[in-house]
Amino acid sequence: MTRSGSTADIEVKLNTSAWGRRLSARSGPSRNSIVVNSEKAKHCQICGRELDNPSDPLSTDCGGDCWGCVGVIEAEMGNSESLAKVPKEFALGLRPD
Ligand SMILES: [Zn+2]
């Protein structure tokens, strides 16, 4: 049986890949920031949707709330920028209600 020998070989490979990851994280800051974003997934304080979700155009982080919520509130308060954007988003079907 040469089990102990093969196990040691696997351990060496794992150690090498872990070290390689550390090195690539240091040398690649953009890659590292993606990891940080996924760990710190934030959610809207109003509706609870995930913020800055690339597949959700209304999930833009507006200081802890999503644009889907903030846009409507701002439009109701008469914010001209929001009044220009929000009706278009309703027209595009981005806002179901
Ligand atoms: Zn929201």
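The model shown is predicted, which means the values in this text are computed figures rather than measured ones.

## Comments concerning the overall build of the protein
Alright, step 1. When its secondary structure is counted, the protein shows 4 helices and 2 strands.
Alright, step 2. Along the protein, helices and strands appear, N-terminal first, in the series α-α-β-β-α-α.
Alright, step 3. Scored against the burial criterion, the 97 residues of the protein give a buried share of 9%.
Alright, step 4. Expressed as a percentage of contacts within the protein between residues at least 6 apart in sequence, the contacts between residues at least 24 apart total 9%.

## Considerations on the confidence of the model for the protein
Alright, step 1. Summing up the model confidence of the protein, the mean pLDDT is 77 and the portion of residues at 70 or higher is 59%.
Alright, step 2. Contacts for the low-pLDDT stretch residues 18-28, under 50 throughout, to residues beyond four places or in other chains number 3 contacts.

## Re the environment of Lys-42
Alright, step 1. Assignment of secondary structure puts Lys-42 in the loop between helix H2 (29-39) and strand E1 (61-62).
Alright, step 2. The class of Lys-42 is partly exposed, set by 14 C-beta atoms lying within 10 Å.
Alright, step 3. Those residues within four positions of Lys-42 in sequence are excluded, and the remaining contacts are Leu-51 and Asp-61.

Thresholds, definitions, all that
- Residues numbered from 1 in each chain as written.
- Predicted model: local features only at pLDDT ≥ 70, side-chain atom pairs only at ≥ 80, totals over all residues.
- Helix = DSSP H or I, 4+ residues; strand = E, 2+ residues; numbered from the N terminus.
- Buried ≥ 20, exposed ≤ 12 C-beta atoms within 10 Å, placed from the backbone.
- Contact = placed C-beta atoms within 7 Å.
- pLDDT = per-residue confidence, 0-100.

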